[in-house]
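# Structure at a glance
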Amino acid sequence: QKEVEQDPGPLSVPEGAIVSLNCTYSNSAFQYFMWYRQYSRKGPELLMYTYSSGNKEDGRFTAQVDKSSKYISLFIRDSQPSDSATYLCAMKGPGGSYIPTFGRGTSLIVHP
Amino acid sequence: NAGVTQTPKFQVLKTGQSMTLQCAQDMNHNSMYWYRQDPGMGLRLIYYSASEGTTDKGEVPNGYNVSRLNKREFSLRLESAAPSQTSVYFCASTLHGTNTEAFFGQGTRLTVV
């Protein structure tokens, strides 16, 4: 079992839908939780990050972390065709454990 | 501000050939990384350099070597390319090893035939 599990999709939704992307993990030492967005044939870009448990909101995007369940989510409200991309979760531990572990990425398609 | 620049963007090699992938960042970052991305496998760390003068193996180092030439540049070398090394290679950098945000280059698409 990989340390970070993420369904690769693809996930296809109509424009305007609420999208939920999720990752589960097994390493309880993870404290930093990140979401990267990767457009086709581009490098990943950091979208959001959260420290420890809780929620974080940025515009149409909300990141949630539930450490008790070892489960993180990214919600996209009012999804747009421009949100079509691969979304990768990443996590890392404290201190010297700074190398992030990435999920496989979920491919999202928002159709008009 | 260019960020992280990788060269070349595309490359086709024959089995057994060697090549070096170049990476340079202009953000004065201390830590640099090489990843490969394969369908269904996500990003896997090949090598990283926590700071100038140090390099360490990642998850999948076999068949690769790296050089941290200076603070800006981190190269990845394939000494004898194999078809299993067909992949998209990404270079990334962070201000420090503990810094959350990694900045990625555009990637190098390598095909080994």
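Our subject is the structure listed above.
Figured I'd write up the structure that's included with this text. (Residues numbered from 1 in each chain as written. Chains lettered and ligands numbered in written order. Predicted model: local features only at pLDDT ≥ 70, side-chain atom pairs only at ≥ 80, totals over all residues. Heavy atoms only, no water.)

### Digging into the overall build of chain A
Scanning chain A from N- to C-terminus turns up zero helices and 11 strands. Ordered by position in the sequence, the α and β elements of chain A form the string β-β-β-β-β-β-β-β-β-β-β. Here the C-alpha radius of gyration of chain A, 13 Å, is about what a compact globule of 112 residues would show, namely 13 Å. Based on the C-alpha atoms only, the size of chain A along its principal axes is roughly 45 × 25 × 25 Å. Looking at chain A as a whole, 42% of its 112 residues are labelled buried. Excluding contacts between residues fewer than 6 apart, the proportion of contacts in chain A whose partners are at least 24 apart in sequence is 55%. (Helix = DSSP H or I, 4+ residues; strand = E, 2+ residues; numbered from the N terminus. Rg over C-alpha atoms; globule rule 2.2 N^0.38 Å. Buried < 20%, exposed > 50% of the residue type's maximum accessible area, 1.4 Å probe, protein only. Contact = heavy atoms within 4.5 Å.)

### Some points on the interface of chain B and chain A
Contacts between chain B and chain A engage 22 residues on the former and 19 residues on the latter. Of the roughly 1800 Å² buried between chain B and chain A on both sides combined, carbon and sulfur atoms contribute 56%. The tally of links between chain B and chain A comes to zero salt bridges. Within the residue set of the side of chain B that touches chain A, elements represented by two or more residues are strand E4 (31-38) and strand E5 (42-49) of chain B. Per-element accounting of the side of chain B that touches chain A gives the leading share, four residues, to E5(B). A per-class count over the side of chain B that touches chain A returns 11 nonpolar, nine polar and two charged. (Buried area = accessible area lost by both parts, 1.4 Å probe. Salt bridge = Lys/Arg side-chain N within 4 Å of Asp/Glu carboxyl O. Nonpolar A, V, L, I, M, F, W, Y, C, P; charged D, E, K, R; others polar.)

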